[in-house]
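Residues per chain, in single letters:
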Amino acid sequence: MKNIIKIITENLKLFLILLISALIVGFFIGKSTNQHTNQDVHQLESTHQHIDELTNQVWTCSMHPQIKQDKPGLCPICGMDLIPLTSVTSTEDESNPNEIVLSESAAKLASIQTMIVSKGVPKKTLYLQGKVQADERNIALITARFGGRIEKLFVNFTGQQVKKGEKLATIYSPALLTAQKELLEAISFKESRPSIYIASRAKLKLWDLSDDQISAIEEKGEPQVYFDILSPISGTVSMRNVSIGDYMKEGNPLFKVIDLNKVWAIFDAYESDLPWIKTGDKIEFTIQSLPGAEFSSPVTFIDPFINAQTRVTSIRVEVNNSDHKLKPEMFIAGKLNSKIDGGSEQMLIPKSAVLWTGKRSVVYVKVPNRQSPSFRYREIVLGPDAGAFYIVEEGLALGEEIAVNGVFKIDAASQLQGLQSMMNPDGENVSSGSMVGMDMKSESTKASPIEHQMIKVAGNCEMCKDRIEKAAKSVRGVQSAEWSIEKKMLHLSFDKNQTSSDEVQKAIAKVGHDTEKFKANDSVYAKLPACCLYERMNY
């Protein structure tokens, strides 16, 4: 213990020097640290202040761009968080006030792609359904030209094959007996009064007696009691209305004979398909009951009338059927590859480039010579649907560059900026001050007129899907219609200012499909192909 005290006493001066040195070093380190801390706090406060200045510009709702406020919060319509307007687009000194200018990063995130407008030959593949029908020009209806009784019948069933001039039945007729006697009496006046003889002979000929039968009566010199009814053509007996012993009156139908060596293939085409179909176009088709067999024939006739119930017209092709494989009422599926207007070049743009509202067709044209991607709203006039493309009638020039992918995102950015857009064609900007405190009723009046609904529609197959969607899209104001085979539900988007769900359902019911509110006409349903005969809905 005494040694320790002695050591401390001897080195007291050294300990004091070390302690003072440590205090001085600590003082300077603490001052430097405090200075850096104050600088960091100042920089952080400055950053927060800068962020506040940016976010205080305009806050809006991504779903309701008419909402503009000077601070963050919730959308008064849908309750979504408001987003800063400045986060969507950037500006450029040279840009026009009507242009939407995107930053490079925003354009990449939106996956925006463009193309140069050019001309091409419009082509489209149409898929058509139909049935085999008998050639109406090769149908013979045999009627009773005079009254009488059927004594013999040579055609015992429908479907029997007969040849031209073959006996169909034998008839006894008192009226025919009297006409023969008149002819035999007129023979004696053949030289002196030939007109009586000619008239008597013409009367029998008008009653379907052949020249050979009439000459046989004259040679025999006495009337025949029984006469044969002969087939006027070769073909198949499709109707037999008499039996042995039946009495018939003048004008009664007896037999119908159809020549099936040539038949018609009748296809149904919608109104929107007609610009692509012309006489001479070749249709390739297959028949469900003849798997593997393929047929091809040109269009020979386009019905000038539209069916008021099904909204389709008939397209006819003629097919040789010497082997009688094609039978009337067989279902057929055809494909037609067509060029419009004789193959002349037209201005074409992809469907993905067009925003369609029902009243307007909108594209976004890229502004040249801009450092950042810039686009301008443009309304155009579309021609016929050309498969994956639209024909442009007015509004674009060759060589212009348009957006073909990410178009909806450009339009959304335009709406957020209050520029011209699909739902705001006049580009009327609404100030943030006037929007604050606006009641819900006022907001609803400016809300989008596009309505989305799910509608139950009965059907079975891809043919049903095509028929249902085409019927829905034929209604003015419908933007999109997609029917699910599995769920039997139609996803519908339409402009409620132009049409309604009921109008669309009525159009679908007219083509033969029950909807949740309207039942299809039984006669239209019965004409659907066999694969489309779904289970009817209960009401």
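Summarised in this report is the structure supplied together with it.

Each value, and the rule that gives it
- Residues numbered from 1 in each chain as written.
- Predicted model: local features only at pLDDT ≥ 70, side-chain atom pairs only at ≥ 80, totals over all residues.
- Heavy atoms only, no water.
- Pairing = 2+ DSSP bridges.
- Helix = DSSP H or I, 4+ residues; strand = E, 2+ residues; numbered from the N terminus.
- Axes fitted to C-alpha atoms, helices over the stretch in contact; angles between N-to-C directions.
- Contact = heavy atoms within 4.5 Å.
- Buried < 20%, exposed > 50% of the residue type's maximum accessible area, 1.4 Å probe, protein only.
- Polar contact = N/O pair within 3.5 Å; in protein donor to acceptor, adjacent residues only side chain to side chain.
- 1 Å grid on protein atoms, 1.4 Å probe; cavity = no way out; pocket = protein on both sides within 12 Å on 5 of 7 lines; lining within 4 Å.
- Points joined across faces, edges and corners; volume = space filled by probe spheres on them.

Focus on the pairing of strand S11 (residues 167–172)
Bridge analysis of strand S9 (residues 148–153) against S11 gives four bridges, and the strand direction is antiparallel. Each residue of the ladder has a partner; that of Arg-149, found in S11, is Tyr-172.

Things to note about the sheet that holds strand S28 (residues 478–484)
Strand order in the open sheet formed by three strands is S27-S29-S28, with antiparallel pairing between adjacent strands. The outermost strands of the open sheet, each flanked by one partner alone, are strand S27 (450–456) and S28. Within this sheet the neighbouring strands show an average axis-to-axis angle of 15°, counted without direction. Sheet topology note: the S27/strand S29 (residues 489–495) ladder contains seven bridges and is antiparallel. Bridge pairing in S29 places Glu-451 opposite Phe-494. Most of the contacts of helix H10 (residues 462–473) go to S28, to which it runs at about 160°, and overall it touches S28 and S29.

Regarding helix H11 (residues 501–510)
Here H11 has its buried residues at Ser-501, Val-504, Gln-505, Ala-507, Ile-508 and Ala-509. Among the structural elements, S27, H10, S28 and S29 are those in contact with the buried residues of H11. Of the residues trailing H11, Gly-512 is marked for its positive phi of about 110°.

Re the side chain of Ser-338
With respect to the helices and strands, the residue Ser-338 is situated in strand S20 (residues 331–339). Reaching out from Ser-338, the side chain makes a polar contact with the backbone oxygen of Trp-276 at a distance of 2.4 Å. Residue contacts for Ser-338: discarding those within four places in its chain leaves Pro-122, Lys-123, Lys-124, Trp-276, Lys-278 and Asp-281.

Some details on the pairing of S29
The buried fraction of S29 is high, at five of seven residues. Linkage of S28 to S29, two consecutive antiparallel strands, is achieved through a turn of four residues, within which Lys-488 is found at a positive phi near 55°.

Overview of the layout of surface pockets
Estimates place the volume of the second largest pocket at around 850 Å³. Surrounding the second largest pocket, 37 residues form its lining, Gln-129, Gly-130, Asp-268, Val-312 and Lys-527 being those nearest its centre. Secondary structure elements with two or more residues in the lining of the second largest pocket: strand S7 (123–134), strand S16 (262–270), strand S17 (282–287), strand S19 (312–320), S20, H10 and helix H12 (522–526). For the lining of the second largest pocket, the element with the most residues is S7, which contributes six residues.

A word on the environment of Gln-180
Tracing the chain through its elements places Gln-180 in helix H4 (residues 174–187). For Gln-180, a relative accessible area of 0% gives the class buried. Separated by 34 residues in the primary sequence, Gln-180 and Ile-214 place their C-alpha atoms 8.6 Å from one another. Residue contacts for Gln-180: discarding those within four places in its chain leaves Leu-204, Ile-217, Pro-223, Gln-224 and Phe-227.

Notes on the sheet that holds strand S10 (residues 161–162)
Ordered by their spatial adjacency, four strands build an open sheet running S8-S15-S13-S10, and the pairing between neighbours is antiparallel. In this open sheet, the two strands that pair with only one neighbour each are strand S8 (139–143) and S10. Here S10 runs beside strand S13 (residues 235–240); their pairing, made up of two bridges, is antiparallel. The partner of Gln-161 across the bridge, within S13, is Thr-236.

That's the geometry; what it means functionally is another story.
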